[in-house]
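Summary of the model geometry
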Amino acid sequence: MSYDVGAGDLVLCVNASPNHVTGDPVPLVQGETYRVWGVMPFLCPCGRSDALLDVGVGFAWCQTRFRLLPKPRKEKETRKEEAPKEVEVV
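Summarised in this report is the structure supplied together with it. (Residues numbered from 1 in each chain as written. Predicted model: local features only at pLDDT ≥ 70, side-chain atom pairs only at ≥ 80, totals over all residues. Heavy atoms only, no water.)

1. What about the pairing of strand β1 (residues 10–13)?
Threshold: To sort residues, take the accessible area from a 1.4 Å probe on protein chains only and compare it with the maximum for the residue type: under 20% means buried, over 50% means exposed, and anything in between is partly exposed. The numbering of helices and of strands both runs from the N terminus, where a helix is a DSSP run of H or I of at least 4 residues and a strand a run of E of at least 2. Any two strands are treated as partners once DSSP identifies two or more bridges connecting them.
Of the two faces of β1, only the one carrying Val11 and Cys13 is buried; Leu10 and Leu12 on the other face are not. Of the pairings in the sheet, the one linking β1 to strand β6 (residues 66–68) comprises three bridges and is antiparallel in character. Following the sheet pairing, cysteine 13 is matched in β6 by phenylalanine 66.

2. Some thoughts on the sheet that holds β6
Which entries qualify depends on this criterion: Axis lines are fitted through C-alpha atoms, for helices just across the contact stretch, and the angle between N-to-C directions can take any value from 0 to 180 degrees.
Strand order in the open sheet formed by three strands is β2-β1-β6, and the pairing between neighbours is antiparallel. The open sheet is flanked by β2 (33–35) and β6, the only strands paired with a single partner. Recorded for the sheet is a direction-independent mean angle of 35° between the axes of neighbouring strands. Of the pairings in the sheet, the one linking β1 to β2 comprises three bridges and is antiparallel in character. Opposite leucine 12, over in β2, you have threonine 33 as the bridge partner.

3. Digging into the sheet that holds strand β3 (residues 38–40)
Two pairing modes exist for strands in a sheet, parallel and antiparallel, and in both the strands are linked by backbone hydrogen bonds. The strand order across the open sheet built from three strands is β3-β4-β5, with neighbouring strands paired in antiparallel fashion. Of all strands in the sheet, those with a lone pairing partner are β3 and β5 (61–62), marking the two edges. The sheet contact formed by strand β4 (residues 52–54) and β5 spans two bridges and is antiparallel. Of the residues in β5, the one forming a bridge with leucine 52 is cysteine 62.

4. Remarks on the state of the cysteines
Our working definition: Note on terminology: disulfide denotes any pair of cysteine sulfur atoms within 2.5 Å.
A complete count under the given rule lists zero disulfides for this structure. The thiol of cysteine 13 is unpaired, and the distance to the nearest cysteine sulfur, on cysteine 62, comes to 11 Å. The buried category is assigned to cysteine 13, whose relative accessible area is 1%.

5. What to know about the pattern of salt bridges
To keep it simple, the criterion reads: In the sections that follow, a salt bridge refers to a side-chain nitrogen of Lys or Arg positioned within 4 Å of a carboxyl oxygen of Asp or Glu.
Applying the stated criterion across every chain, the model contains one salt bridge. Residue aspartate 9 is joined to lysine 71 by a salt bridge in which the shortest nitrogen-to-oxygen separation is 2.7 Å. Of this pair, aspartate 9 sits in the segment before β1 while lysine 71 sits in the segment after β6; the two residues are 62 residues apart in sequence, bridging distant segments of the chain.

6. Digging into the packing of aromatic side chains
Geometry of an aromatic ring pair is reported as the spacing of the ring centres plus the angle between the planes. The test is simple: Put simply, two rings from Phe, Tyr or Trp (the six-membered ring, in Trp's case) pair if the centres are within 6.5 Å, and we call them stacked under 30 degrees between planes, edge-to-face over 60, tilted for the rest.
The full count for this structure, using the stated rule, is one aromatic pair. Ring geometry for tyrosine 34 and phenylalanine 66: centres 6.2 Å apart, planes at 80°, overall edge-to-face. Placement of the pair is tyrosine 34 in strand β2 and phenylalanine 66 in strand β6, with a sequence separation of 32 residues. In this pair, the class of tyrosine 34 matches that of phenylalanine 66, namely buried.

Put into structure tokens, the structure is as follows:
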């Protein structure tokens, strides 16, 4: 594979051209992000990819149709600083 994709990763569809084996239109939308459900190590008939991705649309698609998106970074949590309690002398 040109990059490591695993289940749960987000991928961007960069190629929504017709199916390169049958010529039928595909239900993918170029520019949309999809979550990978599974990776099938199977040579694509086009010869450009050694894995097919299951993104929940149709059956499985050639890996060359997608680009892996970077994993989101964890946002910094703002911490509350505890101020010392003032005690009144009675």
